[in-house]
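Notes for the structure review
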Amino acid sequence: MSTAIASPVETTRHSAAGVVLVVLGLGLSVLGLVFIADGRTTTFRLDQTVESSWTLPTLSIVATLGVLTALLGLALLARELSPRAHGVIVGVAVAALVIAVLSWVVTPGVGFPVEFVLASTLFLALPFIFGALSGVVCERSGVINLGIEGQFLAGAFTAVLFASIADNPYVGILAAVLSGMLSTLLLAWLATRFEVNQLVTGVILNLLALGLTGFLFERLMRMDHSLNRPSTVPRIGEFLHDIGLGFLTDIPIFGPVLFDQNLFVYVALACVFGLSYLLFHTRWGLRTRAVGEHPAAADAAGIDVNRLRFWNVTFAGALSGFGGAFFTIANNVAFSKNMTAALGFVALAVMIVGRWKPIGALLAALLFGFSSALERFLNTMPGNPIPTEFLGMLPYVVTLVVVAGFIGKAVAPAADGIPYRPGDK
């Protein structure tokens, strides 16, 4: 049995993470002892299924979790760990810090809505899931898809337009999928036929989508508001009630999170697990990974590298186009210019944090969805002590911190972004 040996760079990173966790944990505990008033309490409540809550002393929560974080940091410093063990320890430590800070920040008497935040986490993770999966398919095939932001915009616009015309959200979703495929079709063609710089192409496609959707918005939707009134898809909870399974939505925590979401959530989960199976347990997945890692070897084995890359990238556009429909159809909101707010680029960071694996992308997307859910809750919480402007930065700050400090060395597929000419070695 072989044991992974950490490189000097990884060892340095682990040590730095350990020091940071020790400092943050002890610092939080000391600050809590100094600034948290005696008798202050924090309430965690189930807010959507049953009337139940837990009220705990705030100082006890902060001090205990701060010490736990420091001990986990010491564990990183005490011995060399495998990348997986390092990730688990860091994950637990970050979770402890987040719960401690939330316990301190939540206004006394308000209570932290556990079910609302968890259900919102899964829902708000959707654009990151679809965008990251699109990136996984492309980069596993050896093509960099920097145009996810533009595909999101195209999907959001066409979803609203066609859903409004047909008065049917499913028509809008189909239109979003097709627009995403058309967007990546151009990238696939340029990357495989003309061997263009894929990074530059992605940026240009983003700018094209931004300008085109903005122009059509002004010419169509501002002139006729009926073209910007989408309907949404129902929650699965309504269907469960109709067939006598409504009790599933009343299960504490799991009911709102798993059984009272809409179609987008279940499609996203199906795509994650389905794509994970296809990539690692089918001939298509083996060939896809081959053209992304060693296209010359794949070519020698009889695989048409550029043909497979072309169709994989086109298929990936369907995923990001579907993700674009989240911004309008899933949220039941009208289209507005640049409404995706650069979340397509965050989706690329999610892909990297997930190490180009569908399951990893799901876990990373849930982290960013959680930061977005916290932003929504804290913005509406009475007596919120955190400025709104800082809360708006939260998902992007999480992106920088996680990518720069905690994921370690992430290695992309070897042929990622490198054009291939048949016969090359």
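Everything here concerns the structure above.
Residues numbered from 1 in each chain as written. Predicted model: local features only at pLDDT ≥ 70, side-chain atom pairs only at ≥ 80, totals over all residues. Heavy atoms only, no water.

1. Some thoughts on the environment of Y396
By secondary structure assignment, the location of Y396 is in helix α17 (residues 388-405). Taking relative accessible area as the criterion, Y396 reaches 32% and is therefore assigned partly exposed. When the C-alpha atoms of Y396 and S371 are compared, they prove to be 9.3 Å apart, with 25 residues separating the residues in sequence. Setting aside residues up to four positions removed in sequence, Y396 forms contacts with A341, L343 and V346. (Helix = DSSP H or I, 4+ residues; strand = E, 2+ residues; numbered from the N terminus. Buried < 20%, exposed > 50% of the residue type's maximum accessible area, 1.4 Å probe, protein only. Contact = heavy atoms within 4.5 Å.)

2. Brief notes about the packing of helix α5 (residues 126-140) against helix α11 (residues 263-281)
At a minimum axis separation of 10 Å, α5 and α11 run at an interaxial angle of 20°. By the angle class used here, α5 and α11 are roughly parallel. Regarding α5 and α11, the two cross each other, and that crossing is left-handed. Side by side, α5 and α11 meet where L126, I129, F130, L133, V136, V137 and R140 of the first sit next to F264, V265, V267, A268, C271, V272, L275, L279 and F280 of the second. Taken together, the residues of the contact of α5 with α11 break down into 15 nonpolar, no polar and one charged. (Axes fitted to C-alpha atoms, helices over the stretch in contact; angles between N-to-C directions. Parallel < 35°, antiparallel > 145°, perpendicular 65-115°, else oblique. Left-handed = near helix turned anticlockwise from the far one by under 90°. Nonpolar A, V, L, I, M, F, W, Y, C, P; charged D, E, K, R; others polar.)

3. A short note on helix α3 (residues 83-105)
With 23 residues, α3 extends 32 Å from end C-alpha to end C-alpha; this agrees with the ideal 33 Å at 1.5 Å per step. When we look at burial in α3, the residues that qualify are H86, I89, V90, A93, A96, L97, A100, L102, S103 and V105. (Expected span 1.5 Å × (residues − 1).)

4. With respect to the sheet that holds strand β3 (residues 112-113)
Overall, mixed pairing links the three strands, which are arranged β2-β1-β3 in an open sheet. Each edge of the open sheet carries a strand with a single partner, namely β2 (52-57) and β3. Pairing of strand β1 (residues 41-46) with β2, which is carried by six bridges, proceeds in the antiparallel orientation. Across the sheet, the residue bridging to T42 is L56, located in β2. (Pairing = 2+ DSSP bridges.)

5. Describing unusual backbone geometry
The residue N338 is not glycine, and still its phi comes out positive at about 50°. Locating N338 in the fold gives a position in the loop between α14 (305-330) and α15 (343-353). The partly exposed category is assigned to N338, whose relative accessible area is 39%. One non-glycine residue, A341, lies in the positive phi region at around 50°. Among the structural elements, A341 can be located in the loop between α14 and α15. A residue is classified by how much of its surface remains accessible, and A341, at 35% relative accessible area, is partly exposed.

6. With respect to a nonpolar patch on the surface
A contiguous nonpolar patch, built from V19, V23, V67, L71, L74 and L77 and spanning about 500 Å² of accessible area, is present on the exposed surface. The set of elements that each furnish at least two residues to the nonpolar patch consists of α1 (8-35) and α2 (58-78). Ranked by residues supplied to the nonpolar patch, first place goes to α2 with four residues. Residue position: L77 is located in helix α2. (Patch = residues over 30% accessible without salt bridge, like charges linked within 9 Å, V, L, I, M, F, W, Y side chains within 5 Å. Areas by Shrake-Rupley, 256 points an atom, 1.4 Å probe, with all protein chains shown as cover. Salt bridge = Lys/Arg side-chain N within 4 Å of Asp/Glu carboxyl O.)

7. Notes on the pairing of β1
Connecting β1 to the next strand, β2, in antiparallel fashion are five residues. The pairing of β1 with β3 spans two bridges and is parallel. By the bridge assignment for β3, F44 is matched with F112.

8. With respect to the pattern of salt bridges
In this structure the tally under the stated criterion is three salt bridges. Between R222 and E218 there is a salt bridge, with the nearest N and O atoms lying 3.1 Å from each other. You can call R222 partly exposed: its relative accessible area is 48%. Judged by relative accessible area, E218 falls into the partly exposed class, the value being 27%.

9. As for the side chain of S179
Mapped onto the elements, S179 comes out in helix α7 (residues 169-193). Since its relative accessible area comes to 11%, S179 is described here as buried. Apart from residues no more than four positions distant in its own chain, S179 is found in contact with A154, G155 and T158.

10. Some remarks on the packing of aromatic side chains
Overall, the coordinates contain twelve aromatic pairs when judged by the stated rule. Judged by centre distance (5.3 Å) and plane angle (80°), the ring pair of F157 and F335 falls under edge-to-face. Here F157, found in helix α6 (residues 148-166), pairs with F335, found in the loop between α14 and α15; they are 178 residues apart in sequence, far enough to count as distant. Judged by centre distance (5.4 Å) and plane angle (80°), the ring pair of F326 and F327 falls under edge-to-face. Among the residues examined, F326 registers a relative accessible area of 4% and is labelled buried. Through a chain of ring-to-ring contacts, three or more aromatic side chains come together here, namely F123, F152, F326 and F327. Over the aromatic face of F194 sits the side chain of R193, whose NZ or CZ is 5.2 Å from the ring centroid. (Phe/Tyr/Trp six-rings, centres within 6.5 Å; stacked < 30°, edge-to-face > 60°. Lys NZ or Arg CZ within 6 Å of the ring centre and 35° of its normal.)

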